[in-house]
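Coordinate inspection notes
Letter by letter, the chains look like this.
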Amino acid sequence: MAICLHNGTLLSGFSCMENCAVLIENGLIDDVFTEKRFAQKQFDSSTKIIDLQGAYIAPGFIDTHIHGFGGFGTDDCSTDSILKMSELLAQYGVSAFNPTIYPAEEETMLKTIKAVSAAIGKEKGARIMGLHLEGPFISPLKLGVQKPETVKAVDIPFMEKLWQAADGHIVNMTVAPELKGMRELALYCLKKGIVLQAGHTDAKYENMTEGMQAGILHSTHLFNAMSRLNHRNPNAAGAVLIHPEMACEIIADGVHVHPDLIKLLQRDKPLDKIVLITDALKPTEQKNGPFLANGEEVVQTGFFATSRLDRQSTRNYEIAELNAVIAMEGEEYAEARQNALLQKQNIVDAMETELLLETLLKAQGFADVLVTVNASSNNVSVIVDADELTREDTVRIYNVIASETDVSPEYVKILSV
């Protein structure tokens, strides 16, 4: 069967082509041509002609890291839930996905894997390419939202059980490269064709390079739940940036990762090594509650609820590191202790300013606002939950910031999402 989509705007990945048509023959793209050529063409009577009325024509989104959608998820331990995910995702432009499974108690994890694997080949919407296991061989120091009791040391016999339960359908797996026995696991997965991803990891730079030598050449949600770039040790995040052969997932919503860091990544990393993912949970686009993810109720307080938790987690991590310096004994560390005390106070002041500005901006009528104050430079980032901001909105935001801080407008960045 032939289908011709015309009067559309084609996004090819390299250009945006208006007034275009695409001819599809037997499920494959046969030709791309202008609307002018479309008017000149003669089509077989069996060809289905669809007028897109200016809508976009784009490749389907392939999501290799997604736990759930629309109230259905892998944590339901249900084949029907995965099939429903498939149908709903297709309505949002997703053409293929890897249902991503949380680490769990052994029996539960095996049961979940079997239920999800059973959906493969029965999809009516987005195609299931295989399973993504986000654990259980991850660091207890970088759990994110994973449950500590589900984390395991590397266990090859258990890995074999996971593989058998999936009937060979595991295609990618998140691991912490620094764990003992990781090389043996990497060699096992290499033989099975499983792509290993460094994630939920507290790896040092040398752990990462050793993992790369063993075949760990991909990473899970870069910058999130991994050891941070440091000038004395690049750690996990730095290793991904430094080595062009390392691929990476990225949650490019502007909240999980700052928009300018995404620009840096595009400049630093070959585009074919950057993988956009959602890491969406079961409540995503769910209309009615209860909202559950990984067996726990999720309180949805606006678009930025998760980012506030991430911001608090970041602050807690920074303060914990500074407290360790403050606790160091000895006269030789006196200056370091003094600097750490100053930095800690700057962070506390930044947190108080963020809370104050968010409160004041919401009082100005903005639905939801996320304010981030750089504790060292005092630069201010404001992300507003709005389709667009008028000039008057921007002026109001600047005025509120000016009333409570001494930050100049050129050091304020305002975004709407």
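What comes next is a walk through the structure. Predicted model only: the values in this text are computed from it and were never measured. (Residues numbered from 1 in each chain as written. Predicted model: local features only at pLDDT ≥ 70, side-chain atom pairs only at ≥ 80, totals over all residues. Heavy atoms only, no water.)

A separate point is the nonpolar core. Within the largest apolar cluster, 62 residues are counted, with the highest numbers of intra-cluster contacts made by Phe97, Ile113, Met159, Leu162 and Leu185. In terms of residues, this core owes the most to one element, helix α4 (residues 156-165), which gives six residues. Beyond its immediate chain neighbours, meaning those up to four positions away, Ile113 contacts Ile101, Leu131, Leu133, Leu162, Ala165 and Ala166. Grouped together as the second largest cluster of nonpolar side chains are 17 residues, Leu361, Val373, Val380 and Val400 included. (Core = buried A, V, L, I, M, F, W, Y, C linked by side-chain atoms within 4.5 Å. Buried < 20%, exposed > 50% of the residue type's maximum accessible area, 1.4 Å probe, protein only. Helix = DSSP H or I, 4+ residues; strand = E, 2+ residues; numbered from the N terminus. Contact = heavy atoms within 4.5 Å.)

Once that is clear, we can look at a nonpolar patch on the surface. Together, Met17, Ile29 and Val32 make up an exposed nonpolar region whose accessible area comes to about 250 Å². Along the chain, Met17 turns up in strand β2 (residues 16-25). You can call Met17 partly exposed: its relative accessible area is 32%. (Patch = residues over 30% accessible without salt bridge, like charges linked within 9 Å, V, L, I, M, F, W, Y side chains within 5 Å. Areas by Shrake-Rupley, 256 points an atom, 1.4 Å probe, with all protein chains shown as cover. Salt bridge = Lys/Arg side-chain N within 4 Å of Asp/Glu carboxyl O.)

Here the focus is the packing of helix α3 (residues 106-117) against α4. Contact geometry for α3 and α4: axes closest at 8 Å, N-to-C directions at 30°. In terms of orientation, α3 lies roughly parallel with respect to α4. Mapping the contact onto sequence places Glu106, Met109, Leu110, Ile113, Lys114 and Ser117 in α3 and Phe158, Lys161, Leu162 and Ala165 in α4. (Axes fitted to C-alpha atoms, helices over the stretch in contact; angles between N-to-C directions. Parallel < 35°, antiparallel > 145°, perpendicular 65-115°, else oblique.)

Quick look at the pattern of salt bridges now. All told, the structure shown has 12 salt bridges when counted by the stated rule. Across the pair Asp31 and Arg37 runs a salt bridge whose closest N-O atoms are separated by 3.5 Å. Several salt bridges share partner residues, and in doing so they unite Arg228, Arg315, Glu318 and Glu354 into one network.

Let's shift gears to the packing of aromatic side chains. Inspection of the entire model under this criterion finds two aromatic pairs. Taking the centre distance of 5.5 Å and the plane angle of 40° together, the rings of Phe38 and Phe43 count as tilted. Between Phe69 and Tyr92 the ring centres are 4.9 Å apart and the planes differ by 75°, which places this aromatic pair in the edge-to-face class. Taken together, the residues Phe69 in strand β7 (residues 68-69) and Tyr92 in the loop between α2 (79-90) and β9 (94-101) connect sequence positions 23 residues apart. When its relative accessible area of 7% is taken as the criterion, Phe69 is described as buried. Positioned above the aromatic ring of Phe33, the side-chain terminus of Lys41 is 4.8 Å from the ring centre. (Phe/Tyr/Trp six-rings, centres within 6.5 Å; stacked < 30°, edge-to-face > 60°. Lys NZ or Arg CZ within 6 Å of the ring centre and 35° of its normal.)

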